[in-house]
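Single-letter residue listing:
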Amino acid sequence: MITVIGSANMDLVVGTENFPNQGETVLGNVFDTVPGGKGANQAIAAARLGGDVHMVCCVGNDLFGTSITDNLQKNAIDCTGVAQVEGASGIANILLSEGDNRIIVVPGANSLLLPSHIDEVEEQIKKSKLVILQLEIPIPTVVYALAKCQAIGVPVLLNPAPARGFELDMMPSITYLTPNETECEQIFGMDMVEALEKYPNRLIITLGSEGARYFDGERHVIVDGFKTTVVDTTGAGDTFNGALAQAIVLGMDLEKAVRFANAAASLSVEKFGAQGGMPTFKEVQERLEEQS
Ligand code: ATP
Ligand code: RIB
């Protein structure tokens, strides 16, 4: 079982040919409202791949809150740890243009996910093989969850996105840290190779279309990305993390797990929306066979 402690948003997505410059108005060509949020996305990525996933998050007592929870349930995620709080659900305002995106997140209910919510799911954490965290919820809650997982002895995969609020003293309680290149630079403030060598088999850096890399204690392992046609990269990192978690829980070694995660993420960018292209286990297997 995997427990995800994180954010759940409604994504308000606008597609446009060109991003507007400051003070400029441009016409868009698509608008859609789709579920998102890094926590919920990672939970759904793992669940689509067959994971037994439990979500811990806060949604508002608004229409978005209801549809965020419905969507988690439709994806076979256990929602015992989903709390409904007074106020608006989190939203992300997403501008899409030519496969690139610009995102503003308004946390809303996500900012009310407190240490007391973590206490409420302690039994669930004890039964988990892995806990996944990101940084779209209050940092004191992340710190509290890390301490609880460490005390219980449950491994943690922390995706430091967005990188704000990450502190290096969190590292001892993290089993796997999965920044992208920019986040890695922001967190460690040093050359990527140097950072990788400090955390063998624990620091996994995603490299967009190039795949991902880590250091195994002796050599730098670069796991190539899969060739694909990009429609929307929103949620690529989340798919990578959910798939990596599921692969680890299934017992794959790290190199195989990263390759599996790359394959899953390459499929996710082929469709619109953060969760729209998240693949099933069979689809990932087919991608792995196609490009072996
Ligand atoms: P995002 O914020 O767009 O969700 P990210 O910045 O967290 O992603 P990236 O390193 O850009 O993380 O991408 C995560 C993973 O997604 C990569 O390691 C890779 O496996 C896959 N990926 C991303 N972009 C592409 C692409 N264009 N083609 C194939 N795979 C991709
Ligand atoms: O990682 C993508 C996600 O970031 C989007 O779904 C959006 O909600 C923001 O949280």
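See the structure shown above.
The rules behind these values
Residues numbered from 1 in each chain as written. Chains lettered and ligands numbered in written order. Predicted model: local features only at pLDDT ≥ 70, side-chain atom pairs only at ≥ 80, totals over all residues. Heavy atoms only, no water. Pairing = 2+ DSSP bridges. Helix = DSSP H or I, 4+ residues; strand = E, 2+ residues; numbered from the N terminus. Contact = heavy atoms within 4.5 Å. Axes fitted to C-alpha atoms, helices over the stretch in contact; angles between N-to-C directions. Near = heavy atom within 4 Å. Polar contact = N/O pair within 3.5 Å; in protein donor to acceptor, adjacent residues only side chain to side chain. Areas by Shrake-Rupley, 256 points an atom, 1.4 Å probe, with all protein chains shown as cover. Patch = residues over 30% accessible without salt bridge, like charges linked within 9 Å, V, L, I, M, F, W, Y side chains within 5 Å. Salt bridge = Lys/Arg side-chain N within 4 Å of Asp/Glu carboxyl O. Lys, Arg positive; Asp, Glu negative; His and termini not counted. Charge placed at Lys NZ, Arg CZ, Asp CG, Glu CD. Buried < 20%, exposed > 50% of the residue type's maximum accessible area, 1.4 Å probe, protein only. Arc of directions from axis to C-beta. 1 Å grid on protein atoms, 1.4 Å probe; cavity = no way out; pocket = protein on both sides within 12 Å on 5 of 7 lines; lining within 4 Å. Sits in = over half its atoms within 2 Å of the grid points. Nonpolar A, V, L, I, M, F, W, Y, C, P; charged D, E, K, R; others polar.

**Q** Could you give an account of the sheet that holds strand β1 (residues 2–5), with specific residues and numbers?
**A** Reading across the sheet, the six strands line up as β5-β4-β1-β8-β9-β10 and stay open at both edges, with parallel pairing between neighbours. Either end of the sheet is taken by a strand with one partner, and the two such strands are β5 (78–85) and β10 (176–177). In the sheet, β1 pairs with strand β8 (residues 130–133) via four bridges, with the strands oriented parallel. Bridging from a neighbouring strand, Val4 pairs with Ile132 of β8. Each of β1, β4 (53–60) and β8 is contacted by helix α1 (residues 38–48), which is oriented at about 150 degrees to β4, the strand it contacts most.

**Q** So what's going on with the site of ligand 1? Residues and values would help.
**A** Near ligand 1 you find 17 residues, and of these Asn180, Thr206, Gly208, Gly211 and Asn262 are the closest. Within the backbone of Gly237, one N or O atom sits 2.9 Å away from an oxygen atom of ligand 1. Between ligand 1 and the protein, one listed contact pairs an oxygen atom with a side-chain N or O atom of Asn262 at 2.7 Å. About the coverage of ligand 1: the protein hides 81% of its 630 Å² of free accessible area. Where the shell around ligand 1 is concerned, the elements lending two or more residues are α8 (236–249) and α9 (254–268).

**Q** So what's going on with a negative patch on the surface? Which residues, and what values?
**A** Judged by side-chain charge, Glu185, Asp191, Glu194 and Glu197 come together as a negatively charged surface patch. Here Glu197 is to be found in helix α7 (residues 192–198). Assessed through its relative accessible area of 42%, Glu197 is described here as partly exposed.

**Q** Which residues make up the pattern of salt bridges, and what values go with them?
**A** If you walk through the whole model with that rule in mind, you get nine salt bridges. Notably, a salt bridge pairs Lys148 with Glu122, separated by 2.7 Å at the nearest N-O pair. Of the two residues, Lys148 is situated in helix α5 (residues 139–152) and Glu122 in helix α4 (residues 122–127); the sequence distance between them amounts to 26 residues. Take Glu122: its relative accessible area is 24%, and that puts it in the partly exposed class. Across the pair Arg219 and Asp216 runs a salt bridge whose closest N-O atoms are separated by 3.3 Å. Since its relative accessible area comes to 44%, Arg219 is described here as partly exposed. Given the relative accessible area of 25%, Asp216 is considered partly exposed. What emerges from the salt-bridge pattern is a single network uniting Asp119, Glu122, Glu123, Lys126 and Lys148.

**Q** Requested: an account of the side chain of His54, with residues and values cited.
**A** The residue His54 is located in strand β4 in this model. What makes His54 buried here is its relative accessible area of 12%. Here His54 is in contact with Met1, Ile2, Thr3, Val4, Ile77, Asp78 and Gln124, once residues within four sequence places are set aside.

**Q** Lay out helix α10 (residues 281–290) in plain terms, naming residues and giving numbers.
**A** All of the buried residues along α10 are Val284, Arg287 and Leu288. In an axial view of α10, the angular spread of the buried residues amounts to 100 degrees, which keeps them on one side of the axis. Pointing more than 90 degrees away from the buried face of α10 are the exposed residues Lys282, Glu289 and Glu290. For α10, the elements touching its buried residues are α9.

**Q** Hey, could you go over unusual backbone geometry for me, with residue numbers and the actual values?
**A** Look at the link from Ala161 to Pro162: it is a cis peptide, with omega at -15 degrees. Turning to its location among the elements, Pro162 is positioned in the loop between β9 (156–158) and β10. Of note in the backbone geometry, Ala76 takes a positive phi value of approximately 65 degrees without being a glycine. In this structure Ala76 comes out as exposed when scored by relative accessible area, which is 62%. Although it is not a glycine, Asn201 sits at a positive phi angle of roughly 60 degrees.

**Q** Before we move on, could you go through the site of ligand 2 and cite the residues and values that matter?
**A** Near ligand 2 you find Asn9, Asp11, Gly36, Gly37, Lys38, Asn41, Ala92, Val105, Glu136, Asp238 and Ala274, and these make up its full shell. At 2.8 Å from an oxygen atom of ligand 2 is found a side-chain nitrogen or oxygen belonging to Lys38. Here an oxygen atom of ligand 2 and a side-chain polar atom of Asp238 are 2.7 Å apart. When the free accessible area of ligand 2 is taken as 280 Å², the share hidden by the protein chains comes to 95%. Spatially, ligand 2 is embedded in the largest pocket. Of all the secondary-structure elements, those providing two or more residues to the shell around ligand 2 are β2 (9–16) and α1. Considering only residue class, the shell around ligand 2 consists of three nonpolar, four polar and four charged.

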